[in-house]
Protein chains: 4
Amino acid sequence: MERKTLLTHCSDEPGLIAKITNICYKHQLNIIHNNEFVDNTCGHFFMRTELEGNFNDAVLLEDLELALPKGASKSLVDSSKKKVVILVTKEAHCLGDILIKAFDGSLNIDIAAIIGNYDTLQPLAEKFDIPFCHVSHEGLTREQHEAKITAAIDQYAPDYLVLAKYMRILNPGFVAQYRHRIINIHHSFLPAFIGAKPYLQAYERGVKIIGATAHFVTDDLDEGPIIKQDVIPVDHNFSAKDMAQAGRDVEKNVLSKALNKVVNDNVFVNGNKTVIL
Amino acid sequence: MERKTLLTHCSDEPGLIAKITNICYKHQLNIIHNNEFVDNTCGHFFMRTELEGNFNDAVLLEDLELALPKGASKSLVDSSKKKVVILVTKEAHCLGDILIKAFDGSLNIDIAAIIGNYDTLQPLAEKFDIPFCHVSHEGLTREQHEAKITAAIDQYAPDYLVLAKYMRILNPGFVAQYRHRIINIHHSFLPAFIGAKPYLQAYERGVKIIGATAHFVTDDLDEGPIIKQDVIPVDHNFSAKDMAQAGRDVEKNVLSKALNKVVNDNVFVNGNKTVIL
Amino acid sequence: MERKTLLTHCSDEPGLIAKITNICYKHQLNIIHNNEFVDNTCGHFFMRTELEGNFNDAVLLEDLELALPKGASKSLVDSSKKKVVILVTKEAHCLGDILIKAFDGSLNIDIAAIIGNYDTLQPLAEKFDIPFCHVSHEGLTREQHEAKITAAIDQYAPDYLVLAKYMRILNPGFVAQYRHRIINIHHSFLPAFIGAKPYLQAYERGVKIIGATAHFVTDDLDEGPIIKQDVIPVDHNFSAKDMAQAGRDVEKNVLSKALNKVVNDNVFVNGNKTVIL
Amino acid sequence: MERKTLLTHCSDEPGLIAKITNICYKHQLNIIHNNEFVDNTCGHFFMRTELEGNFNDAVLLEDLELALPKGASKSLVDSSKKKVVILVTKEAHCLGDILIKAFDGSLNIDIAAIIGNYDTLQPLAEKFDIPFCHVSHEGLTREQHEAKITAAIDQYAPDYLVLAKYMRILNPGFVAQYRHRIINIHHSFLPAFIGAKPYLQAYERGVKIIGATAHFVTDDLDEGPIIKQDVIPVDHNFSAKDMAQAGRDVEKNVLSKALNKVVNDNVFVNGNKTVIL
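Let me sum up the structure you'll find in this document.

Some thoughts on the interface of chain A and chain C
Here is step 1: If you look at the interface, chain A gives 32 residues, while chain C gives 32 residues.
Here is step 2: In total, about 2,700 Å² of surface goes out of reach between chain A and chain C, with carbon and sulfur atoms giving 59% of it.
Here is step 3: Its largest share of buried area at the contact with chain C, chain A owes to R205(A), K208(A) and H236(A), together 27% of the area lost on that side.
Here is step 4: Taken together, the links from chain A to chain C amount to 15 residue pairs in polar contact (both at pLDDT 80 or more).
Here is step 5: With six residues, the top contributor of residues to the side of chain A that touches chain C is strand 11 (residues 226-233) of chain A.

Structure representation (structure tokens):
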């Protein structure tokens, strides 16, 4: 008996749940958990079905191909670890949380490598025996720097890139290589405080709550599909620096939770939004 | 085109989702939203299916009867307002919130009557033109008092009883008449601080968070299936009285949210727990 | 024995706490609770001191005048109810919450009148025997409309105006009449989604949390000093309409909590921020 | 110019704030931040005053001795790192979070040693070059085991012991050696689910929120003064194991935040409660 997860999305039409679950039943696959969502504004159907049984993947997918609307996306994924490359700058908290969670098995990932535009976090990477690649941006154009990063990444062929407080903007050309596969943590409750120094912006606006946002990276700065957000209360006693310090726990928790959802195949991208099933 | 919700629960077996959704498809009913849950510890299956189309209720339920395991529970409910009777003592906040929400249509209920063991809230009931029935407990045994309350309630034949800070314990005999139809708000984060004066207990224990719990009433005090809980932070500055004051908003919000889930048929009772779909 | 609260703010200098608390001690006033804050970016000192004893207000304030820096603001307030006028449009939830809280004494206010640009909420006002003044904006310029509202308000000489989902923008001329005395609830987590239809904006951005913000009204739309914010989680299942419905509880809770802080003299305005002591 | 924090507590009487702040003023010490609290139920006064200036500690404390009630506690602490010893069993998440926070300077501690009753976490300790001491409990009475742990601890003379998911009960004799200096994380929202397997208890009760509690350890199991609590929502989909997994982030965050407050001298013990200033 194996466990696999069937991910389906296609344009909506009547009977989709019946068709898919019938095929699973015909294959003697038991449904452990099923979640579906229809976005009525665009008429699109999403379903995630955890299955248990003996799988004939090819026949199952073929049966689905015949039953579902033309162009339907369907995939059968197992629970093997996803390979990630992590990009960092100088701050340790997000990287540290992911390292501990990979170490104790809370996150279903293999960290293939860590790439930093500074070498500040090399000692932390080395504690966990993970290759650290220092790719300084100094003296390079953004394109040159990203070309070197791409070269460093591509030897590992990762499933996902994680920007764990990587403090540089990425060019569309770089982003396009890893479409819907780059996860960033932004240190504000987006869309509030887009761009640089969000804690300083939050301090100056006098907000009573600060937050963090994990999202897929797209061409537009801080505008990609949001995966997870969380907040904490602050008050007049917090300086911008205090907010940044207090925000660290939110940042790391939000990034790790978002990453967990992504590597467990819970997250569908739906235009500029996510559907999390 | 009508909208109805199909509620199904039965012992679990393979193919249930396929069977139910197929029958819906055959009846040309479109699934607007579907949620299911299997409790593996007791092997029980729950499903809530929002449907749209032209319903032939009798045939649909007959088809389900043939397809589902013996003893399966299935019902088709529409979205008409549920009739409730509210029991109160002296505090206005929970009753007030329900009155405002019934007034502006946020809660899908008709308040048939309000019954108080004091007459404190009679003026509030009268503002909203709702019959208020004062059934004092003074000089009566608990059984005598409850017999009078039962008589007051039964002329209205309500779907649900709501204990909106009704501060008296109910006998098993009373509770048995309204099985899984009495919703209570307890002013603590159950199972912490069961029984009387939970805020005083919380103050004396020095907790940093207080809460409220909405639950179905069963024979055991504060032990029934929990529907909704929420909390707020407190600190050393809060006296027991401050906690009670601060807790009012949590109590009313938790009770109203639980009631909303119940009257929209989202709540299944599963032994001493709830499944909310 | 009386209780009063001393509110002091002035430019910061060494010894202010010692000077103020000494004067209170000399007056045989016992400090029940004391909170202070220094904003180091602008060098300003704020203190709120709850006192108990026999007060000679004139002498106490004179002693403070001599001890504190030139231009210091100091006032002694008692706990009598603040008079408010509430402005509304069509939605009942914020008004309803304030009405219930004024009714049961949870909010230390007298509601002098309710003014609506529609008459939708007149029946609700009348239930609580509060004068309702319908000032339609139809056929009037903004200036004409506000002149009529000002006339309606000024007969009551309120301490504060509360915009309980009053859905019209106010001119600077109107705002200037009630400087730091108009409290608004905005149905987003400011500064995200400034302006119209914030729930639609939130839906379209695909955020995972929505919120509400209570703030003092200044000339710049949704840019005044923030008093209170709170949030709730949402997900892909929420339409813009669902968000608006779910947001109602946050809106009303945030507005009532902000109003409670204001009428209990906990809130100092500090430039475009608040200090809440 | 130095920064130190003055911690004072004593039986309450009029004029305490004035007396203490006057002495600071006389010493030309500027108050950066001041917080005080009076527990009216026991008539006790607590104050925490952050000061800046040139300190003559001996004279300052002598002046306070003369001014304050007999038996007053007063101490002047600087911001040097506190020395801690951490006790663990097998779970890595709480230890990991503290290690990362000590590594990046977010927690003002030196970790002198880690002691485990299993050697599971020895590799993690070694990554951070922290002495790991394996003190197995196998074949030993509780007293024998604790004697060995005491011996291991005492060579380091730590300021605090941190029980980072140390899964054994401690004898009163052991606890008495480190009065108000042992910080434990309990994996429930105390006082709900005292004792073993709180997540299983929570699952069986069907609660909708789970939590964690950091507290000082006293003789009574899970009954010591609470420092910090936090919660997360759960629902019927969570098995006891899912709750345990989800609870990890809350546990580590609560423990780290409590530890941060303790090592920054924000926490006073007040009977069986804490006052956090």
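What to know about the side chain of R205(B)
Here is step 1: Within the element layout of this structure, R205(B) appears in helix 7 (residues 198-205).
Here is step 2: The class for R205(B) is buried, based on a relative accessible area of 8%.
Here is step 3: Within the structure, the side chain of R205(B) is placed 3.4 Å from the backbone oxygen of E223(D), a separation counted as a polar contact.
Here is step 4: Not counting residues within four places of it along the chain, the set of residues in contact with R205(B) comprises F193(B), P191(D), D222(D), E223(D), G224(D), I226(D) and N272(D).

Focus on the pairing of strand 2 (residues 30-39) of chain C
Residues and elements named next belong to chain C.
Here is step 1: Most of strand 2 is tucked away: seven of the ten residues are buried.
Here is step 2: Pairing analysis gives nine bridges linking strand 2 to strand 3 (residues 44-53), with the strands arranged antiparallel. From the neighbouring strand, N35 faces strand 3, where its bridge partner is R48.
Here is step 3: Hairpin connection between strand 2 and strand 3: a loop of four residues separates the two successive antiparallel strands, and G43 in this loop has a positive phi of roughly 65°.

Here we look at the relation of the copies chain A and chain D
Here is step 1: Once turned by 180° and shifted 0.0 Å along the axis, chain A lies on chain D with an RMSD of 0.0 Å. What the superposition gives is, in effect, a two-fold axis relating one chain to the other. Of the C-alpha atoms belonging to chain A, the one lying closest to the rotation axis is found on K127(A), 2.5 Å away.
Here is step 2: In this assembly, 100% of the residues forming the interface of chain A have copies in chain D that are likewise at the interface, indicating an isologous arrangement.

Here we look at the sheet that holds strand 3 (residues 44-53) of chain D
All names here are of chain D.
Here is step 1: The strand order across the open sheet formed by four strands is 2-3-1-4, and the pairing between neighbours is antiparallel. Only two strands of the sheet have a single partner each, and these edge strands are strand 2 (30-39) and strand 4 (73-77). Strand-to-strand twist in this sheet, taken as the mean axis angle between neighbours without regard to direction, amounts to 10°.
Here is step 2: Of the strands in this sheet, strand 1 (2-11), strand 2 and strand 3 touch helix 1 (residues 16-26), which is tilted by about 20° from strand 3.

Describing the packing of helix 3 (residues 93-103) of chain C against helix 8 (residues 240-263) of chain C
Residue and element names in this part refer to chain C.
Here is step 1: Relative orientation of the contacting elements helix 3 and helix 8 amounts to 45°, with a least axis distance of 9 Å. If you check the angle between helix 3 and helix 8, you find them oblique. Pair helix 3 / helix 8 crosses with right-handed handedness. Listed contacts from helix 8 to H93, C94, D97, I98 and K101 of helix 3 are R248, E251, K252, L255, S256 and L259.

Focus: a nonpolar patch on the surface
Here is step 1: There is a patch of nonpolar side chains on the surface, built from I169(A), I194(A) and L221(A) and spanning about 240 Å² of accessible area.
Here is step 2: L221(A) gets classed as partly exposed once you look at its relative accessible area, which sits at 40%.

Re the pattern of salt bridges
Here is step 1: Applying the stated rule across the entire model yields 60 salt bridges over all chains.
Here is step 2: For K19(D), the salt bridge identified is with E13(D), shortest N-O distance 3.2 Å.
Here is step 3: You can call K19(D) partly exposed: its relative accessible area is 22%.
Here is step 4: The network of salt bridges with shared partners includes D97(A), K101(A), D249(D) and K252(D).

Considerations on the interface of chain A and chain D
How big an interface is tends to be stated in terms of accessible area lost as the parts join.
Here is step 1: Taken together, the contacts link 21 residues of chain A with 21 residues of chain D.
Here is step 2: Of the roughly 1,800 Å² buried between chain A and chain D, counting both surfaces, carbon and sulfur atoms make up 54%.
Here is step 3: Looking at the side of chain A facing chain D, the largest losses of area belong to I100(A), F103(A) and K127(A), adding up to 29% of the total buried there.
Here is step 4: Close ionic contact of K252(D) with D97(A) constitutes a salt bridge, the shortest N to O distance being 2.4 Å.
Here is step 5: In this structure, the connection of chain A to chain D is made through nine residue pairs in polar contact (both at pLDDT 80 or more).
Here is step 6: Secondary structure elements with two or more residues in the side of chain A that touches chain D: helix 3 (93-103), helix 4 (122-127) and helix 8 (240-263) of chain A.
Here is step 7: Partitioning the side of chain A that touches chain D into residue classes produces five nonpolar, seven polar and nine charged.

What counts, and at which threshold
Throughout this document, residue positions are counted from 1 along each chain, in the order its sequence is written. Each chain gets a letter, beginning with A, and each ligand a number, beginning with 1, in the order they are written. Totals for whole chains, interfaces and linings use every residue, but because this is a predicted model, local features are given only for residues with pLDDT of at least 70 and side-chain atom pairs only at 80 or more, for both listing and counting. Only heavy atoms go into the side-chain values, all of them from the structure, while hydrogens and water stay out. Any pair of residues with heavy atoms lying within 4.5 Å of one another is described as a contacting pair. Buried area: the accessible surface (1.4 Å probe) lost by two parts on joining, summed over both. Counting of polar contacts relies on pairs of N or O atoms within 3.5 Å, with two restrictions inside protein: one atom must be capable of donating a hydrogen and the other of accepting it, and residues adjacent in sequence are counted only when both atoms are side-chain atoms. Only DSSP runs of H or I reaching four residues or more are called helices, and only runs of E reaching two or more are called strands; each is numbered from the N terminus. Note on classification: 1.4 Å probe, protein chains only; a residue is buried when its accessible area is under 20% of the maximum for its type, exposed when over 50%, partly exposed between these limits. Should DSSP find at least two bridges between two strands, the strands are taken to pair. Alignment of the copies relies on least squares applied to C-alpha atoms, considering only residues that score at least 70 for pLDDT in both. Angles run from 0 to 180 degrees between N-to-C directions of axes, and those axes are lines fitted to C-alpha atoms, restricted for helices to the stretch in contact. Here is the rule for angles: anything less than 35 degrees is roughly parallel, anything more than 145 is roughly antiparallel, 65 through 115 is roughly perpendicular, and the remaining ranges are oblique. It is the rotation of the near helix from the far one that decides the hand of a crossing: anticlockwise by less than a right angle makes it left-handed, clockwise makes it right-handed. Only residues whose relative accessible area exceeds 30% and that form no salt bridge enter a patch; like-charged residues are grouped when within 9 Å of one another, and nonpolar side chains (Val, Leu, Ile, Met, Phe, Trp, Tyr) when within 5 Å. Residue exposure ignores everything except the shown protein chains as possible cover, and the areas themselves are Shrake-Rupley values with a 1.4 Å probe. Should a side-chain nitrogen of Lys or Arg be within 4 Å of a carboxyl oxygen of Asp or Glu, the pair is scored as a salt bridge. Note on residue classes: Ala, Val, Leu, Ile, Met, Phe, Trp, Tyr, Cys and Pro are nonpolar, Asp, Glu, Lys and Arg are charged, and everything else, Gly too, is polar.

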